[in-house]
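Reading the structure
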Amino acid sequence: MRNIQKIIKDGARKAVARDDVKYVLGWTPGYGFRVSPFFARTAEDTERLIFSPLCANNLTIYLTLQEKLPLPKAAALDKRKIALFVKGCDSRAVIQLIAERGISRDELVILGVPCGGVIDISKLEAKFPQAIKVEAVEEGEKLSLKVDGKSQEIPKEDILLKKCSLCEYPNPLIYDVLLGEEKQKKTKDYQGISTFEEKSPNEKWTYWGDKFARCIRCYACRNICPLCYCDSCILDKLSPQWIRRSVNLSENTVFQLLRTFHLTGRCIGCGECERACPMGIPVGELNRKLEKDVRELFAYEPGIDIEEKSLLSQFKPEDSEDFIL
Amino acid sequence: MTAFSLPRNEADDFLVALIEKQSLFAPVEKDSIISYQLVANPGDALWNFSNSTVPPKGILFPQTETLFKFTGSEVSGGIELPPQEKETVIFGIRPCDGRAFKIVDHIFGWDYQDPYYLERRARTVLVGLSCYEPASNCFCTSLNGGPSSKEGLDMLLTDLGDRYYLEVLTDKGGKLLNKNRKLFALALDSDTKEKNSLSKKVESKLKRKVMSCDELQKKMGDLKEHKFWEETSLRCLGCGICTYLCPTCHCFDMQDEVTDGKGRRVRMWDSCMFREYTLHASGENPRPTRVERFKNRLYHKYKYYPDSFKITACVGCGRCTRYCPANLDLIDILTEIGKI
């Protein structure tokens, strides 16, 4: 097997050399276990790119995040493409964005990287609180770590992000170039969700009320979500103000549930909302519940096919209606 | 000031006494999130932690607070000040977060004396706890702080193994000590020596550093139009984590919440990282992109604030770096600024 780091850098260098590419979006190592999103504009920049199980960020967000200011007089619009690295789940966000006409396929050069799951960095930081320089290499079911020169091996299962231990799509579903070897799929398992469904409404309310009460409304879950890309978000509206800025259980609950419903049939399960939440609110559980419902009721899965219509814009006579009271 | 000593096995008695006569806020852990909560049992308070997820600033400057109520155009019941309850004690404040209150005092006591904050501040005793295991992104020593920094605190406890070393730093701290005097013995000279050498040891554990506040303030004066800002802020997601978890960020918005003519004026935290923070009624936004917003946040902390108050609005707690989901590593960024 060729070294994945070399494959990544080669792929990025080729992409950045193209006249029709603005920059390559990838990952670069930061301090300790941290990895940063990185905009590589030159061949030299691409030397800084890496791919490892520490590369959690779904870079798709940067396709829609950029504020588009009016162009200065006589300036031409930069129509060059954006090249970006995508893992399996990230690629589904790209597909969903294209399907929703949020972005056009020909604006992109997609560099796919099969992914064996990303690591919950907080677990590693708890084990190695003073780590400065880290290299992480995936070796089958183990993570081989070099922390400040010392080598360690850790079973991946202990430190993977929850969504990764259930990943059905480790391999990108859309790409121009595939970099690296394809990985084994896992079977999706909604066990945790099913157990929760059996609880009484009161128990459910206690569970979520407790979580929502500590939301600080930093909106990191919204801002990091590749599919929360409305130009004008209902949360920011002042007139009329649909959701008050007051931070309390009532407003927090409206915010959280509204976001969940808005992502129904659209969330592709990259789990970035849950990873970003500084208050440890398991936002992803809400999305997984609706993902399960949509799958069971309408046999629909978002982010698989760019030609597929969105869930809410298709009606089939045989659609389930048991839930209509 | 005089120093005292508290045997470890009597530490809980101190908390019991605090709970009995005061409202006690202490660091509490729930679902791996550490925040300062009102505690009723001494066992709920954490003594061993690097730092809290959420700083204690919200106790004196709540995320949401009612300023007054009204019906139509009539203000009812006058301005609502914090209720005259028992004295509040915040226990287990890390020295960086203690310094943060001292920094924030400048803005709330500046051209307008903010009665809400100042009233709470006057009735709150801050009991610090020296750091023992700094977190990987702590850089307080670069901001004139340290693992046993005393600024802003009324008392400071330092863990010496079988006992705590207690320094009384203000009159408020002295009064609190006198109420519980029987729990404490006078510290010995050897205790003081041990505490000082421990502080040095802990300080040496801090690995991350940036240039001095003065250098930073001077350097940033020349960099306003530098292309560095655009490259750096491209990966910013524009969320409010860095501002809301920052112990010195103090910006707020005020809104009226009205139902059927009755309502309240509410003050709530705001974040300069949000688009609507500078949005004018006309639709004009003087900070239209994340580049201007991100740059402004750093300028406010390291340039404008020291220009106005002779103190940098950062204590080096490292929370912004620790919790940023896009890894905008402030320590790296400040280091880069030094290299330009």
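All figures in this text were calculated on a predicted structure; none of them were measured in a lab.

Conventions adopted
Residues numbered from 1 in each chain as written. Chains lettered and ligands numbered in written order. Predicted model: local features only at pLDDT ≥ 70, side-chain atom pairs only at ≥ 80, totals over all residues. Heavy atoms only, no water. Helix = DSSP H or I, 4+ residues; strand = E, 2+ residues; numbered from the N terminus. Rg over C-alpha atoms; globule rule 2.2 N^0.38 Å. Buried < 20%, exposed > 50% of the residue type's maximum accessible area, 1.4 Å probe, protein only. Areas by Shrake-Rupley, 256 points an atom, 1.4 Å probe, with all protein chains shown as cover. Pairing = 2+ DSSP bridges. Axes fitted to C-alpha atoms, helices over the stretch in contact; angles between N-to-C directions. Contact = heavy atoms within 4.5 Å. Buried area = accessible area lost by both parts, 1.4 Å probe. Salt bridge = Lys/Arg side-chain N within 4 Å of Asp/Glu carboxyl O. Polar contact = N/O pair within 3.5 Å; in protein donor to acceptor, adjacent residues only side chain to side chain. Nonpolar A, V, L, I, M, F, W, Y, C, P; charged D, E, K, R; others polar. Core = buried A, V, L, I, M, F, W, Y, C linked by side-chain atoms within 4.5 Å.

Some words on the overall build of chain A
For chain A, the helix and strand inventory stands at 13 helices and 8 strands. The C-alpha radius of gyration of chain A comes to 21 Å, within 12% of the 20 Å expected for a compact globule of 325 residues. Reported as C-alpha extents along the three principal axes, the dimensions of chain A are approximately 60 × 55 × 45 Å. Here chain A, with 325 residues, has 52% of them falling under the buried criterion. If you sum the accessible surface of chain A, you get close to 16100 Å²; carbon and sulfur atoms cover 54% of it.

Some remarks on the sheet that holds strand 7 (residues 150-155) of chain A
All names here are of chain A. If you trace the 3 strands from one edge of the open sheet to the other, you get 5-6-7, paired in antiparallel fashion. Edge positions in the sheet fall to strand 5 (134-139) and strand 7, since each of these pairs with one other strand and no more. The average undirected angle you get between the axes of adjacent strands in this sheet is 20 degrees. Pairing of strand 6 (residues 142-147) with strand 7 involves 6 bridges; the strand directions are antiparallel. Residue pairing for strand 7: Ser144 is matched across the bridge by Glu153.

A closer look at the interface of chain B and chain A
On the chain A side, the residues contacting the 50 residues of chain B number 44 residues. Taken together, the two surfaces of chain B and chain A that pack against each other cover about 3900 Å², and 48% of this comes from carbon and sulfur. The tally of links from chain B across to chain A stands at 6 salt bridges. Here Glu231(B) and Arg41(A) are joined by a salt bridge, their closest N and O atoms 3.0 Å apart. Linking chain B with chain A are 22 residue pairs in polar contact (both at pLDDT 80 or more). The set of elements that each furnish at least two residues to the side of chain B that touches chain A consists of helix 9 (241-244), strand 11 (252-259), strand 12 (262-269), helix 10 (290-309) and helix 11 (319-323) of chain B. Counting residues per element, the side of chain B that touches chain A draws most heavily on strand 11 of chain B, which supplies 5 residues. The class makeup of the residues in the side of chain B that touches chain A is 21 nonpolar, 12 polar and 17 charged.

Quick word on the pattern of salt bridges
Where charged atoms from two side chains of opposite charge approach closely, those side chains can pair. In total, this model carries 51 salt bridges over all chains according to the counting rule given. As a salt-bridge pair, Arg245(A) and Glu276(B) come within 3.8 Å of each other at their nearest N and O atoms. Placement of Arg245(A) in the loop between helix 10 (220-224) and helix 11 (249-262) and of Glu276(B) in the loop between strand 12 and helix 10 is noted, with the two residues assigned to different chains. On the basis of relative accessible area, Arg245(A) is assigned to the buried category, the value being 9%. Two residues, Arg288(A) and Glu274(A), come together in a salt bridge whose shortest N-O distance is 3.9 Å. With Arg288(A) in helix 13 (residues 283-298) and Glu274(A) in helix 12 (residues 272-276), this residue pair connects regions lying 14 residues apart in the sequence. Residues joined in a network through salt bridges with shared partners are Glu197(A), Lys289(A), Lys292(A), Asp293(A) and Glu296(A).

Observations regarding the pairing of strand 2 (residues 35-40) of chain A
Each regular strand displays side chains that alternate between the two surfaces of the sheet. All names here are of chain A. The buried count for strand 2 comes to 6 of 6 residues, which makes it a mostly enclosed element. Looking at chain direction, strand 1 (residues 21-29) and strand 2 are connected through 6 bridges and run antiparallel. When the bridges of strand 2 are listed, Pro29 appears paired with Val35. Connecting strand 1 to the next strand, strand 2, in antiparallel fashion are 5 residues, including Gly32 with a positive phi near 60 degrees.

Some details on the nonpolar core
Within the largest apolar cluster, 173 residues are counted, with the highest numbers of intra-cluster contacts made by Val24(A), Phe33(A), Phe85(A), Leu124(A), Leu145(A), Trp229(B) and Ile337(B). Sort the elements by how many residues they give to this core and helix 4 (residues 88-99) of chain A lands first, with 6 residues. The residues contacting Phe33(A), other than those within four sequence positions of it, are Leu54(A), Ile121(A), Leu124(A), Glu125(A), Phe128(A), Ala131(A), Val134(A), Leu145(A) and Val147(A). Cys96(B), Tyr305(B), Phe309(B) and Ala313(B) belong to the second-largest nonpolar core, a separate cluster that totals 9 residues.

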